[in-house]
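Each chain, letter by letter, is given below.
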Amino acid sequence: MNWDNIDRYAKSLIKEAGHKIRNSFFTQINIDSKADANDLVTNIDREIEQFFISRIKRDFPDHKIVGEEGFGDKVEVLDGVIWMLDPIDGTMNFVHQKRNFAVSLGIYIDGIGMLGYIYDVMRDDFYSAAKGKGAYLNDERLPQLEITPLEQAVIGISASWIAPNRYADHEKMIELVRHCRGTRSYGSAAIEMAYVASGRIDAYISMRLSPWDIAGGMVIAQEVGAVTTNMKGEAPHLLGQETFVVARPGLHEEMLTNYIHLKD
Ligand code: IPD
Ligand code: CA
Ligand code: CA
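Summarised in this report is the structure supplied together with it.

About the cut-offs
Residues numbered from 1 in each chain as written. Chains lettered and ligands numbered in written order. Predicted model: local features only at pLDDT ≥ 70, side-chain atom pairs only at ≥ 80, totals over all residues. Heavy atoms only, no water. Helix = DSSP H or I, 4+ residues; strand = E, 2+ residues; numbered from the N terminus. Buried < 20%, exposed > 50% of the residue type's maximum accessible area, 1.4 Å probe, protein only. Donors = N, O, S within 2.8 Å, 3.2 Å for Na, K, Ca; no water. Near = heavy atom within 4 Å. Polar contact = N/O pair within 3.5 Å; in protein donor to acceptor, adjacent residues only side chain to side chain. Areas by Shrake-Rupley, 256 points an atom, 1.4 Å probe, with all protein chains shown as cover. 1 Å grid on protein atoms, 1.4 Å probe; cavity = no way out; pocket = protein on both sides within 12 Å on 5 of 7 lines; lining within 4 Å. Sits in = over half its atoms within 2 Å of the grid points. Nonpolar A, V, L, I, M, F, W, Y, C, P; charged D, E, K, R; others polar. Domains from an automatic or database assignment. Contact = heavy atoms within 4.5 Å. Axes fitted to C-alpha atoms, helices over the stretch in contact; angles between N-to-C directions. Parallel < 35°, antiparallel > 145°, perpendicular 65-115°, else oblique.

**Here we look at unusual backbone geometry**
(1) Moving on: Even without a glycine there, the phi angle at Asp110 is positive, about 50°.
(2) Moving on: Along the polypeptide, Asp110 turns up in the loop between strand S5 (102-109) and strand S6 (112-120).
(3) Moving on: According to the relative accessible area criterion, Asp110 is exposed, its value standing at 52%.
(4) Moving on: We note that Leu238 has phi near 60°; this positive angle belongs to a residue other than glycine.
(5) Moving on: Following the sequence through the fold, Leu238 ends up in the loop between strand S13 (227-229) and strand S14 (242-247).
(6) Moving on: For Leu238, a relative accessible area of 6% gives the class buried.

See below:
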């Protein structure tokens, strides 16, 4: 497998997708909802996913693709090469703000993350990593993350997880919010992971993410020494929705041990 070639190919595909997304603001965007009224999808999410799939199927016919909008393959095991794609992560931001959304892509072989990309389309910030070769923001290598105590940490968390919810003890989450330096919520899991990797925030947690939300970000975050697990402390299985924590080393353990209490 020539990973350098796949890396160059994936980067140029993502840039092309970014161009299409920016141009879409000059066209009619149709908005639908999926699981509930606030779960938005647009014709652009679908068109971008189809653009990726047609190219990847043409040029890498034996690779599989798992895409959020469902045009890819149905995958039940992680054997072989799998491209995990979120064509637009942060669709609500895409629709409401026209910024703060990203293309997110991870390329895995037999469950091991080899290449990861998060493209913040409107800022033209391209985060990328190849396993064992470091992570980059555009052409600059991202430094290894250092240990930060909770009192000095800024945590990415949605307000939904501070309110009573079916996944975790929200009183403990309130304590977490009280003990950290501050919280932020950007509305795109991929961007929040990119921010952890680049040191803009120190951790990001969510009770419910899908493989395409985290696949690219995990490769990037791991290259700078961030710890990525579900809330039980296990490696994410990448075959369905689950809880998720990414954080600097030390902080990750402190959050899991003292503040994240899952319900049964
Ligand atoms: C969503 C965003 C959001 C996160 C949701 C995701 P989408 O992805 O990443 O920040 O809280 O869980 O589903 O639907 O915009 O691709
Ligand atoms: Ca997403
Ligand atoms: Ca999406």
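Next, the rest of the story.
**A short note on the coordination of the calcium ion (ligand 3)**
(1) Moving on: Donor atoms from the polypeptide that coordinate the calcium ion (ligand 3) comprise Glu68 (OE), Asp86 (OD), Asp86 (OD) and Ile88 (O), at 2.2 to 3.1 Å from the metal.
(2) Moving on: Here the donor residues of the calcium ion (ligand 3) are spaced in sequence according to E-x17-D-x1-I.
(3) Moving on: Taken as an interatomic distance, the gap from the calcium ion (ligand 3) to the calcium ion (ligand 2) is 3.8 Å; Asp86 donates to each of them. Of this pair, Glu68 sits in the loop between strand S3 (64-67) and strand S4 (81-89) while Asp86 is found in strand S4, placing the two residues 18 residues apart along the sequence.
(4) Moving on: Judged by relative accessible area, Asp86 falls into the buried class, the value being 0%.

**Focus: the site of ligand 1**
(1) Moving on: By nearness alone, every residue bordering ligand 1 is listed as Glu68, Asp86, Ile88, Asp89, Gly90, Thr91, Gly187, Ser188, Ala189, Arg208, Leu209 and Asp213.
(2) Moving on: Between ligand 1 and Glu68, the relevant distance is 3.0 Å, taken from an oxygen atom to a side-chain nitrogen or oxygen of the residue.
(3) Moving on: Protein contacts shield 74% of the accessible area of ligand 1, which totals 380 Å² for the unbound molecule.
(4) Moving on: Mapping ligand 1 onto the cavity grids shows that it belongs to the largest pocket.
(5) Moving on: Among the elements of the structure, S4 and strand S12 (203-209) are those that each provide at least two residues to the shell around ligand 1.
(6) Moving on: By residue number, the principal contributor to the shell around ligand 1 is S4, which donates 3 residues.
(7) Moving on: Split into classes, the residues belonging to the shell around ligand 1 amount to 3 nonpolar, 4 polar and 5 charged.
(8) Moving on: Structurally, the shell around ligand 1 is a two-domain feature, drawing no fewer than three residues from each of domain 1 (3-141) and domain 2 (150-258).

**Structural notes on the environment of Met1**
(1) Moving on: Of note, Met1 is situated in the segment before helix H1 (3-24).
(2) Moving on: Judged by its relative accessible area of 59%, Met1 is exposed.
(3) Moving on: When the C-alpha atoms of Met1 and Val81 are compared, they prove to be 9.7 Å apart, with 80 residues separating the residues in sequence.
(4) Moving on: Discounting chain neighbours no more than four positions away, the residues touching Met1 are Ile6, His63, Val81 and Ile109.

**As for the coordination of the calcium ion (ligand 2)**
Working reference: metal with six octahedral donors, ideal angles 90 or 180 degrees; metal with four tetrahedral donors, ideal angle 109.5 degrees.
(1) Moving on: With distances of 2.1 to 2.2 Å, the protein atoms coordinating the calcium ion (ligand 2) are Asp86 (OD), Asp89 (OD) and Asp213 (OD).
(2) Moving on: Here the donor residues of the calcium ion (ligand 2) share one chain and are spaced in sequence as D-x2-D-x123-D.

**Observations concerning the packing of helix H5 (residues 189-197) against helix H6 (residues 211-223)**
(1) Moving on: The geometry of H5 relative to H6 is characterised by a closest axis approach of 9 Å and an angle of 5° between their N-to-C directions. Classified by the angle between their axes, H5 and H6 sit roughly parallel to one another. Seen from H5, the contacting residues are Ala189, Ala190, Met193 and Ala197; seen from H6, they are Asp213, Ile214, Gly217, Met218, Ile220 and Ala221.

**So, the environment of Pro211**
(1) Moving on: As for its placement among the helices and strands, Pro211 is situated in helix H6.
(2) Moving on: Between the C-alpha atoms of Pro211 and Asp86, which are 125 residues apart in sequence, the distance is 8.9 Å.
(3) Moving on: Contacts of Pro211, omitting those with residues within four sequence positions, involve Met84, Leu238, Leu239 and Gly240.

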